[in-house]
Amino acid sequence: MLEFDYNSFDSTVVLPPRSELYCLPIEGLGTPDQEALLDYVHRLALAHGIRVAHLLTEVVLPKASIGKKWRTGCFSRQFPRTTNGYTKFAIEMADVVSALTKAPGLRDGTFIHWHPLFDPSGSGLLHPKRRWCPECIAGDLSDGRLPIFKLLWTSSCVTHCQHHGIQLVSRCSACGHDQRFASESHALGRCETCGSSLGWQAGLSGAPALRPGSRDHFNVHSVASMIAIGEEKAQWLARPEVLSETLKSIVLSEAGGSIYRLAKVIGIGHMALTKWIGQSARPRFSAFIEVCYRLGKCPVQLLEDAHSTQISLFPHELLPLRKTSQKLTQAELCLIERDIRATIETQGAPYRSAAAFAAKHNTSAKYLRRRLPVAYLQLTDHLRRIRAQRAEARMANLEATARRVASELHRCQRKTTEFEISEALRANQISLVCPRTRRAFQDELKRLRAYEARGPVDG
């Protein structure tokens, strides 16, 4: 029998403090693929086998001062989106969940580290809809992992996936419904309405995907670098005085000390630039990213150069220094004109508006209207006709559905109430408020009743 020397065990080992919830680690810590705090809460609820709403209302929110507002008005619908930002709701949520789980780095799942630099209200930071990359979700599910919803996708400035270069989506490709920010099925990567995978048919939609331009690439990499920089370095850079010193150096080296001249060059209001330099106002997140784009430096690099002896701007060769309506060469205008003719000849419209078409060529609709007036008029007329045709086709489909519902209700051989009619139409996503669908429903019902009263006619 083996004998153990129990005196050899180290009695100085200190166990970590016990936590009320599982000490679930947050994914992607210190990388651009950092998991968002709100989606960490979804995985935490799944790990405990409870609903997300129950975890928030019964466990997390009672320990925070914002818990009293949860059931008032529409706060419960608007609150979850702010969890990934840097306002007081994000701060309280991160601190409470950290205290409950004892998991380190939960603040990295938000933009709290950058709070001192930007507008206190958090405007221009978070996108109003929940978005994701279907390729990333499909890859996680195919590898047998729970999908990770990244903090990068919550930023309003980010439009494309950093790895796949495809446009982020906010609707289920199967049923077309938007996704709520707090849902029971998100941790499983499924649609809360139809249950289909959010990575279902990724990249196989009928509409052509918009390819990211230079601005899109810049925004993605800028926000990704701000997320991956870490708490210690972010707190050192995210100070109004650092931004003020940086802008002062740029004004002296590039604009001869004139704030008005620099504001005119980069195409922003000189009063806003003056307030940022004087620290009397802080920029919105999206406005700061746009200024960095026009200066040609990512935010982290721009703020790190605050204490440099000389700051020289070196815009990327693909980055315009001015607004998106910069001058185009004659060759570029010819290419745009050929693209307009090709769009008209195909009898299709992959663009919803002339502004979307102009954004593809990194310019503006106003610039195209001035330089290519005839082609621009042809394009807008074509897009208007296509939109009218699609609207008419959708309306005809709704009228046909309304007639079908009227026929089904008539076959019940009993008098239906107004409530039953409204419920039957609502089940088919039709409302009696629309005059054409209401007229189609009533006409079909009158026709069937008249035919029944008249009876079959011989011959």
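Calculation rules
- Residues numbered from 1 in each chain as written.
- Predicted model: local features only at pLDDT ≥ 70, side-chain atom pairs only at ≥ 80, totals over all residues.
- Heavy atoms only, no water.
- pLDDT = per-residue confidence, 0-100.
- Helix = DSSP H or I, 4+ residues; strand = E, 2+ residues; numbered from the N terminus.
- Contact = heavy atoms within 4.5 Å.
- Buried < 20%, exposed > 50% of the residue type's maximum accessible area, 1.4 Å probe, protein only.
- Patch = residues over 30% accessible without salt bridge, like charges linked within 9 Å, V, L, I, M, F, W, Y side chains within 5 Å.
- Areas by Shrake-Rupley, 256 points an atom, 1.4 Å probe, with all protein chains shown as cover.
- Salt bridge = Lys/Arg side-chain N within 4 Å of Asp/Glu carboxyl O.
- Lys, Arg positive; Asp, Glu negative; His and termini not counted.
- Charge placed at Lys NZ, Arg CZ, Asp CG, Glu CD.

**A closer look at the confidence of the model for the chain**
For the chain, per-residue confidence averages 82 on the pLDDT scale, and residues scoring 70 or more make up 84% of the total. Least confident of the elements in the chain is helix H3 (residues 75–82), whose mean pLDDT is 68; most confident is helix H1 (residues 37–48), at 93. Low pLDDT, under 50, characterises residues 202–208; the predicted model gives this stretch five contacts beyond four residues in sequence or across chains. Segment residues 309–325: pLDDT under 50, and 46 contacts once partners within four positions in sequence are set aside and those in other chains are kept.

**A few points about unusual backbone geometry**
A negative phi holds for most residues other than glycine; trans holds for most peptide bonds. Of note in this structure, Lys102 is not a glycine but carries a positive phi near 60°. Residue classification places Lys102 among the partly exposed residues on the basis of a relative accessible area of 41%. Of note, Gln279 is a non-glycine position whose phi angle comes to about 60°, a positive value. Owing to a relative accessible area of 43%, Gln279 belongs among the partly exposed residues under this scheme.

**Observations regarding a nonpolar patch on the surface**
A surface patch of nonpolar side chains, about 230 Å² in accessible area, is lined by Leu46, Leu146 and Leu188. Within the secondary structure, Leu46 is located in helix H1. Taking the relative accessible area as the measure of exposure, Leu46 reaches 35% and is therefore partly exposed.

**Quick look at a positive patch on the surface**
A cluster of basic residues, Arg352, Arg387, Arg390 and Arg394, forms a positive patch on the protein surface. Tracing the backbone through its elements, the reader meets Arg387 in helix H16 (residues 373–410).

**Some thoughts on the pattern of salt bridges**
Tallying each qualifying case throughout the model produces 20 salt bridges. Among the salt bridges present, the one from Glu399 reaches Arg436, with a minimum N-O distance of 2.9 Å. Taken as a pair, Glu399 in helix H16 and Arg436 in helix H18 (residues 435–454) lie far apart in primary sequence, 37 residues in all. Assessed through its relative accessible area of 15%, Glu399 is described here as buried. Given the relative accessible area of 29%, Arg436 is considered partly exposed. Among the ionic pairs, Arg404 bridges to Glu408, the shortest N-O distance being 3.0 Å. Within this pair, Arg404 and its partner Glu408 are both found in helix H16, separated by four residues, close to a single helical turn. By relative accessible area, Glu408 is classed as partly exposed at 37%.

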